[in-house]
Amino acid sequence: MKKTLLLVFFLLLTACYETPRPLTRLPDDAVILAFGDSLTYGTGASTGHDYPNILAELTALEVINEGVPGEISGDGLKRLPALLDEYQPKLLILTHGGNDIIRKIPSEQITDNLNKMITEAKNRNIEIVMLGVPQLNLLSLNSANFYRSIAESRQIPIDLNTLPDILGDNSLKSDMIHPNDAGYQLMATNIFKLLQDAGAL
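What counts and how
- Residues numbered from 1 in each chain as written.
- Predicted model: local features only at pLDDT ≥ 70, side-chain atom pairs only at ≥ 80, totals over all residues.
- Heavy atoms only, no water.
- Helix = DSSP H or I, 4+ residues; strand = E, 2+ residues; numbered from the N terminus.
- Contact = heavy atoms within 4.5 Å.
- Areas by Shrake-Rupley, 256 points an atom, 1.4 Å probe, with all protein chains shown as cover.
- Axes fitted to C-alpha atoms, helices over the stretch in contact; angles between N-to-C directions.
- Parallel < 35°, antiparallel > 145°, perpendicular 65-115°, else oblique.
- Left-handed = near helix turned anticlockwise from the far one by under 90°.
- Nonpolar A, V, L, I, M, F, W, Y, C, P; charged D, E, K, R; others polar.
- Pairing = 2+ DSSP bridges.
- Expected span 1.5 Å × (residues − 1).
- Buried < 20%, exposed > 50% of the residue type's maximum accessible area, 1.4 Å probe, protein only.
- Phe/Tyr/Trp six-rings, centres within 6.5 Å; stacked < 30°, edge-to-face > 60°.
- Core = buried A, V, L, I, M, F, W, Y, C linked by side-chain atoms within 4.5 Å.
- pLDDT = per-residue confidence, 0-100.
- Salt bridge = Lys/Arg side-chain N within 4 Å of Asp/Glu carboxyl O.

A. Geometry of the overall build of the protein chain. Regarding its fold elements, the protein chain presents 9 helices and 7 strands. Put simply, 76% of the contacts in the protein chain that link residues at least 6 apart link residues at least 24 apart. Summed over its atoms, the accessible surface of the protein chain is roughly 10600 Å², and 54% of this surface lies on carbon and sulfur atoms.

Set out below in structure tokens:
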């Protein structure tokens, strides 16, 4: 009886919490598209120390840097489809929305734009991982809540801690909102771990 109750309890727990499905292992010739704003572009890094460059070394795969400093998610949504068609990546790393947060664009609008980007990738059978961008406040530094909601609803692996950890540590920053070389190294290393844990590597 006790074992039966434990089994029922376990089944209820697993039914209430679904982990993102594992990613398909990337082939040796896979292209990864790193897409976002200045955090992807590498503002604050010295030459060659942006996270896509470092990630390319870690994975031995081609990682294309398509970060545009200052871009908001609405403009990113307009830009993304053509890049997906041009590069035909196997994996999209989506790190977007930080400039929207700074400009106080409503979270519903950011969520809609990010979901549409995800749909563009999924419609092309492209795998996706995301990074959450922190929402600045006086008490703590955490990824904005909508990132978790999107990742859970779309079943996408996400790292919610790396950027808050970096931007909360002055030794890892080049200015108030951008990493330095050490910060981008940590960013790349943690994305590499995320891809390993999700089964892509």
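B. Molecular detail of the packing of helix 3 (residues 51–59) against helix 9 (residues 181–198). Orientation of helix 3 relative to helix 9, taken along the N-to-C sense of each, is 45 degrees, at an axis distance of 8 Å. One way to sum up the angle between helix 3 and helix 9 is to call them oblique. Crossing of helix 3 over helix 9 shows right-handed handedness. Residues Y51, I54, L55, L58 and T59 of helix 3 touch helix 9, and the partners they reach there are Y184, Q185, M187, A188, T189, I191 and F192. Here the contact of helix 3 with helix 9 is composed, by residue class, of 9 nonpolar, 3 polar and no charged.

C. Fine view of the sheet that holds strand 3 (residues 91–95). As summarised here, the arrangement of the 5 strands in space is 2-1-3-4-7, forming an open sheet in which the pairing is parallel. In this open sheet, the two edge strands, each paired with only one partner strand, are strand 2 (62–67) and strand 7 (158–159). With 4 bridges joining them, strand 3 and strand 4 (residues 127–131) adopt parallel strand pairing. Paired with L92 across the bridge in strand 4 is I128.

D. Region of interest: helix 6 (residues 107–122). Here helix 6 contains 16 residues, and its C-alpha end-to-end distance of 22 Å stays within 8% of the 22 Å for a straight helix at 1.5 Å per residue. Those residues of helix 6 lying buried are I110, N113, L114, N115, M117, I118 and A121. Tucked into the core, helix 6 has its buried residues touching strand 1 (31–36), helix 4 (73–87), strand 3, helix 5 (98–102), strand 4 and helix 7 (145–154).

E. How the structure looks around the packing of aromatic side chains. Taken as a whole and judged by the stated rule, the model has 1 aromatic pair. Centroid distance F146 to Y147: 4.4 Å. Interplanar angle 35 degrees. Geometry classified as tilted. Each member of the pair F146 and Y147 is classed as buried.

F. Just the nonpolar core, in detail. Core analysis: the biggest nonpolar cluster contains 57 residues, and Y51, L92, I93, L114, M130, Y147 and M187 have the highest contact counts within it. Ranked by residues supplied to this core, first place goes to helix 9 with 8 residues. Here M130 is in contact with L94, L114, I118, Y147, I150, I156, P157, I158, D159 and L194, once residues within four sequence places are set aside.

G. Representation of the confidence of the model for the protein chain in the model. Averaged over every residue, the pLDDT of the protein chain is 91; residues scoring 70 or more account for 89%. For the stretch residues 1–19, pLDDT sits under 50, and the model shows 2 contacts to residues farther than four places along the chain or on other chains.

H. Just the pattern of salt bridges, in detail. In the structure shown here, the tally under the stated rule is 6 salt bridges. Taking the shortest distance from any N to any O, the salt bridge between E71 and R79 comes out at 2.7 Å. For E71, a relative accessible area of 7% gives the class buried. Between D75 and K78 there is a salt bridge whose closest N-O contact spans 3.9 Å. Highlighted residues: D75 and K78, both in helix 4, separated by 3 residues, approximately one helical turn. Accessibility expressed as a relative area gives 70% for K78, which makes it exposed. Salt bridges sharing common partners tie together E66, E71 and R79.

I. Examining unusual backbone geometry more closely. The residue A60 is not glycine, and still its phi comes out positive at about 60 degrees. Checked against the element boundaries, A60 lands in the loop between helix 3 and strand 2. For A60, a relative accessible area of 65% gives the class exposed. Even without a glycine there, the phi angle at N125 is positive, about 60 degrees. As for its placement among the helices and strands, N125 is situated in the loop between helix 6 and strand 4.

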